[in-house]
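Structural overview for review
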Amino acid sequence: MRKIDKTKPVLVTGATGYVAGWLVKKLVEEGCRVHAAVRDPENKEKLKFLDDLAAKSKGSITYFKSDLLHKGSYAEAMKGCELVFHTASPFTMDVKDAQKELVDPAKLGTRNVLEEANRCESVKRVVLTSSCAAIYGDNIDLQQTPNGIFTEEIWNSSSSLEHLAYSYSKTLAEKEAWEINKKQNNWDLVVINPSLVIGPAVNPMGVSSESFKLIKQFGNGILRTGVPKMGWGIVDVRDLAFAHFQAGFVSAAQGRHIINGHNTWYIELAKALQPKYGSTYPIPKKEMPKWMIWLMGPIINKAITRKFIARNIGYPWVGDNSKSIRELGVNYRPLSESINDMFQQLIDNKIIQAKS
Ligand code: NAP
């Protein structure tokens, strides 16, 4: 149990990211001095949204050039910090070489950041952004859980380099973090395991997160004929930022935390968009039959393999968020608020356009 001094700088890795954007906003609003570790501190355009956040807040942001794959590149950024938020990790399904593009930055990057924490005497706590993907691989895995629910006790054992490589990368990275944490006593590790994150971005134009690619499909016609019948855990990015903040500053916080607002289905996202956008955008109205996905899925998107279809379509997703409510005080907002705010932002920024 460690008390973090809010007057000391706080490191955020991957500060340019979708998830990190709201966390940095919360930190500077609370008056923190944020050390933002980014790959390219010279990219003024990409960092403008962070400058704008700092300008409007009590806190400040200082940039440091760091890369997950460059050993020692977090040393300067970590100097003097008691608290480290390690959010950086690629979140994409579209890769050619999963080892190089996902597993190495996730696992070796986590090792790089945490070995730096071992060297840096000021660090007392590391908050790692893991994922529910480190808890489960496919929805069918729910059937192997003790009470038909994913909990913090469970680890993903079904993903591999060949099947759901992103989930595999997050599992290896979190395991690596716990291994490194166990071997020392100077800092504690608090892990955040979000389900699929939705909601508006602080910086809607610059995000690479897979979350945006998924939600864009509700408005660009790709899902016009229907959505797969598939369960999802969903959380709002603003609630997730709060969870991170609490994980950093609540002294008693410990272990893993499932951060999940809703156990729901794909079609429920579409239903929540129908009232406001159904007449102007090609929002899906129904679920597609499994046989159609079986035939078309692999042709439309190479990530939708037959193995993925067999192990996910038709199965629910159920996660236990009670620890996050009890120990971090997260109060999850309604699903329709998250999806509608995000969709409106995509329209406002002309990322999706109305039916012609
Ligand atoms: P994102 O917007 O793509 O952010 C990823 C961040 O990681 C970016 O800041 C990126 O920096 C940084 N990064 C990637 N490769 C790097 C490297 N080699 N060196 C240094 N930085 C690197 O994705 P996100 O959705 O916010 O994801 C943030 C975290 O949340 C990840 O750990 C992800 O696994 C986790 N997560 C996300 C979701 C979700 O649904 N979005 C769910 C569960 C967990 P650049 O700007 O330089 O590319």
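Please refer to the structure placed before this passage.
The structure displayed is predicted, hence computed values, not measured ones.

Val12, Leu27, Ile198, Phe218 and Phe343 are the most contacted members of the largest nonpolar core, which has 74 residues in total. Per element, the largest residue contribution to this core is eight residues, and it comes from helix 1 (residues 18-29). Beyond its immediate chain neighbours, meaning those up to four positions away, Phe343 contacts Ile215, Phe218, Gly219, Leu273, Tyr277, Tyr281, Ile283 and Ile352. With 22 residues, the next largest nonpolar core counts Ala88, Val113, Ile180 and Trp187 among its residues.

This next bit is on the sheet that holds strand 2 (residues 33-38). Here we have seven strands laid out as an open sheet, ordered 3-2-1-4-5-6-10, and parallel in their pairing. Two strands bound the open sheet, and with one partner strand each, they are strand 3 (60-65) and strand 10 (255-259). Taken pair by pair, the neighbouring strands of this sheet meet at an average axis angle of 20°, ignoring direction. Across four bridges, strand 1 (residues 10-13) lies against strand 2 in parallel orientation. The residue of strand 2 that forms the bridge with Thr13 is Ala37. Against the sheet, helix 1 engages strand 1, strand 2, strand 3 and strand 4 (83-86), with an angle of about 165° to strand 1.

For the structure shown, the criterion picks out eleven aromatic pairs. Ring geometry for Tyr277 versus Tyr281: centroids 6.1 Å apart, planes at 75°, classification edge-to-face. Residue Tyr277 shares its accessibility class with Tyr281, and that shared class is buried. Look at Tyr281 and Phe343: their rings are 5.6 Å apart centre to centre, the planes differ by 85°, and that puts the pair in the edge-to-face class. Linking Tyr281 in the loop between helix 8 (266-277) and strand 12 (287-288) with Phe343 in helix 12 (residues 335-348), this pair joins segments that are 62 residues apart in sequence. Note on Phe343: relative accessible area 0%, which makes it buried. One aromatic cluster is present, formed by Tyr136, Phe150 and Trp317 through successive ring pairs. Sitting above the plane of the Phe249 ring, Lys6 keeps its charged end 5.3 Å from the centroid. Of note, Arg256 hangs over the ring of Trp155, and the distance from its end group to the ring centre comes to 3.7 Å.

In terms of burial, strand 10 is largely enclosed, as five of its five residues are buried. Bridge count between strand 6 (residues 188-194) and strand 10: five bridges; the pairing is parallel. Its bridge partner being in strand 10, Pro194 is matched across the sheet by Ile259.

In the vicinity of the ligand, 27 residues are found, and the nearest of them are Thr16, Arg39, Lys46, Tyr166 and Ser209. Between the ligand and Ser89, the relevant distance is 3.3 Å, taken from an oxygen atom to a main-chain nitrogen or oxygen of the residue. Within the side chain of Lys170, an N or O atom sits 2.8 Å from an oxygen atom of the ligand. The fraction of the free accessible surface of the ligand (890 Å²) that becomes covered by protein chains is 93%. Looking at the shell around the ligand, the elements with two or more residues in it are helix 1, helix 5 (165-182) and strand 7 (196-198).

Applying the stated criterion across every chain, the model contains 25 salt bridges. For Glu30, the salt bridge goes to Lys6, with nearest N and O atoms at 3.8 Å. Placement of Glu30 in the loop between helix 1 and strand 2 and of Lys6 in the segment before strand 1 is noted, with a sequence separation of 24 residues between them. What makes Glu30 partly exposed here is its relative accessible area of 32%. Given the relative accessible area of 37%, Lys6 is considered partly exposed. Here Glu176 and Arg111 are joined by a salt bridge, their closest N and O atoms 2.6 Å apart. Linking Glu176 in helix 5 with Arg111 in helix 4 (residues 98-119), this pair joins segments that are 65 residues apart in sequence. It is possible to trace a salt-bridge network through shared partners that takes in Asp236, Arg238, Asp239, Arg333, Glu337 and Asp341.

About the criteria used
Residues numbered from 1 in each chain as written. Predicted model: local features only at pLDDT ≥ 70, side-chain atom pairs only at ≥ 80, totals over all residues. Heavy atoms only, no water. Core = buried A, V, L, I, M, F, W, Y, C linked by side-chain atoms within 4.5 Å. Buried < 20%, exposed > 50% of the residue type's maximum accessible area, 1.4 Å probe, protein only. Helix = DSSP H or I, 4+ residues; strand = E, 2+ residues; numbered from the N terminus. Contact = heavy atoms within 4.5 Å. Pairing = 2+ DSSP bridges. Axes fitted to C-alpha atoms, helices over the stretch in contact; angles between N-to-C directions. Phe/Tyr/Trp six-rings, centres within 6.5 Å; stacked < 30°, edge-to-face > 60°. Lys NZ or Arg CZ within 6 Å of the ring centre and 35° of its normal. Near = heavy atom within 4 Å. Polar contact = N/O pair within 3.5 Å; in protein donor to acceptor, adjacent residues only side chain to side chain. Areas by Shrake-Rupley, 256 points an atom, 1.4 Å probe, with all protein chains shown as cover. Salt bridge = Lys/Arg side-chain N within 4 Å of Asp/Glu carboxyl O.

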